[in-house]
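Fold and geometry: a report
Listed below are the residues making up each chain.
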Amino acid sequence: MPPFAAYDRRHYRTVAPRDGYALWSTTYEATIKPDMDRRLLAALTSVDWPHVERAADLGCGTGRTGAWLRERGVRHIDGVDLTPEMLAGARALGVFADLRVADVRATGLPAAHYDLVTTCLVDEHLPDLAPLYRESARLARPGGAHVLVGFHPFFIMRSGMPTHFNGPGGEPIAIETHVHLLSAHTAAALAAGWRLAELREQVIDDAWVAQKPSWAAHRDVPISHALVWRR
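The text that follows walks through the structure, step by step, so that each part is easy to find. On a predicted model such as this, the values are computed, not experimentally measured, just so you know. (Residues numbered from 1 in each chain as written. Predicted model: local features only at pLDDT ≥ 70, side-chain atom pairs only at ≥ 80, totals over all residues. Heavy atoms only, no water.)

Take the overall build of the chain next. Looking only at helices and strands, one finds 9 helices and 10 strands in the chain. Since a compact globule built from 231 residues should have a radius of gyration of about 17 Å, the 17 Å found for the chain is in line with a globular shape. Seen through its principal axes, the chain has C-alpha atoms that stretch 45 × 35 × 30 Å. Evaluated residue by residue, the chain yields a buried proportion of 52% over its 231 residues. Within the chain, counting contacts between residues at least 6 apart in sequence, those at least 24 apart form 74% of the total. Across the chain, 25 positive and 26 negative side-chain charges occur, with their mean positions spaced 2 Å apart. (Helix = DSSP H or I, 4+ residues; strand = E, 2+ residues; numbered from the N terminus. Rg over C-alpha atoms; globule rule 2.2 N^0.38 Å. Buried < 20%, exposed > 50% of the residue type's maximum accessible area, 1.4 Å probe, protein only. Contact = heavy atoms within 4.5 Å. Lys, Arg positive; Asp, Glu negative; His and termini not counted. Charge placed at Lys NZ, Arg CZ, Asp CG, Glu CD.)

See below:
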C-alpha cells in the first residue's frame, strides 16, 4: 500500500501516537463517536461476552472498550496502552484488574492466558500488522478470540482524513496514520495462526449524520470495521 501521504487531504501537523494521545487524553472521551466501535461490538454474534473469563484490552486508552466489556459481564480485564495519560482515565473507571504502559505488539502479559483479546481503533497507528497479530495469538488460550475494530481503509483513502483531534490551542493535529486493507489483516492474522470467524462493517448512516451533520458528504461510506478471529 502507498503511505497515507498519498491520500492526505488535510495536511495537518502530524505527531507520533504516544505524543498525540497524551495531548488528546483530556478531551478524548468527549470527542470520540460511539458508532466508531461500540455499535460494531454490539452487532457481533460470534462472541459470547458473559462467558469470557479473562480479556486483554490492547491499546485500551481511556478504558472505553473495557467498560463496555464489563457491562456485558466480562469479569477479569487487563489493559495495556502506550500512553500513561490515557491510562489515567482507564484507571479511574475501576473496571481493569491490571493496567500497564506497554506496546500492543509486546505487552508483557502472560501467554495463553486470555479467552478474549481486543484492539479497538489502534491498528491504523501501526506500520505493520504482523507483530500485533502474533502478540494476540501468544496471549490467547486455545479457542480464544481476537476482536479488532479499526478505522476503515476505504474511508481513509476516500476522505484523505487521518486520525486527528484539536490541540490545546485549537490547532488540528493528526496522529500518524497507516492504511491497512482488509486483505492485509487477513494475511497477517492467518500467518499468526488465527482464522476469521466474523466480519462487520459500519457505514455512515442517518444516525451517524444526526450526531455529526458535517459528515453528510460521507453518507453511505464505510467508516469502521470489526473482525473476529479464532484460535
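Next comes the rest of the account.
What follows covers the sheet that holds strand S7 (residues 164-166). If you walk across this open sheet you meet the 3 strands as S1-S8-S7, and the pairing is mixed. Since the sheet does not close on itself, it has two edges, and those belong to strand S1 (13-15) and S7, each with one partner. Strand-to-strand, the axes of this sheet are offset by a mean angle of 35°, without reference to chain direction. Here S7 pairs with strand S8 (residues 172-175) via 3 bridges, running antiparallel. From the neighbouring strand, Phe165 faces S8, where its bridge partner is Ile173. Each of S1, S7 and S8 touches helix H1 (residues 17-24); the most contacted strand, S8, lies at about 140° to it. (Pairing = 2+ DSSP bridges. Axes fitted to C-alpha atoms, helices over the stretch in contact; angles between N-to-C directions.)

What follows deals with helix H6 (residues 130-139). Across the 10 residues that make up H6, a large majority, 7, are buried. Turning to H6, its buried residues number three or more, namely Ala130, Leu132, Tyr133, Glu135, Ser136, Ala137 and Leu139. Looking at the buried positions of H6, the neighbouring elements they touch are strand S2 (54-58), strand S5 (114-120), strand S6 (140-151), helix H8 (182-191) and strand S10 (222-230).

Our next topic: the nonpolar core. Leu41, Trp49, Leu69, Leu116, Val147, Phe155 and Ile223 are the most contacted members of the largest nonpolar core, which has 48 residues in total. Top contributing element to this core by residue count: S6, with 4 residues. When sequence neighbours within four positions are dropped, the list of residues in contact with Leu116 reads Trp49, Val52, Arg54, Ala55, Ala56, Leu69, Ala145 and Val147. In terms of nonpolar packing, the next biggest core, distinct from the first, is built from 23 residues, Ala102, Val117, Leu132 and Leu227 among them. (Core = buried A, V, L, I, M, F, W, Y, C linked by side-chain atoms within 4.5 Å.)

Moving on, we come to the pairing of S8. Walk down a regular strand and you will see the side chains alternate between the two sheet faces. Where S1 meets S8, 3 bridges bridge the pair, whose relative direction is parallel. The residue of S8 that forms the bridge with Arg13 is Ile173.

Turning next to the pairing of S6. Of all 12 residues making up S6, 9 are buried, and the element is well covered by its neighbours. Direction of pairing for S5 relative to S6: parallel, over a ladder of 6 bridges. If you follow Leu116 over to S6, its bridge partner there is Ala145. Tracing the backbone out of S5, into H6 and back to the parallel element S6 gives a crossover that is right-handed. Note: S6 against S10, 7 bridges, orientation antiparallel. Looking at the pairing, Val147 lines up with Val228 of S10. (Right-handed = clockwise from strand over helix to strand, strands pointing away.)

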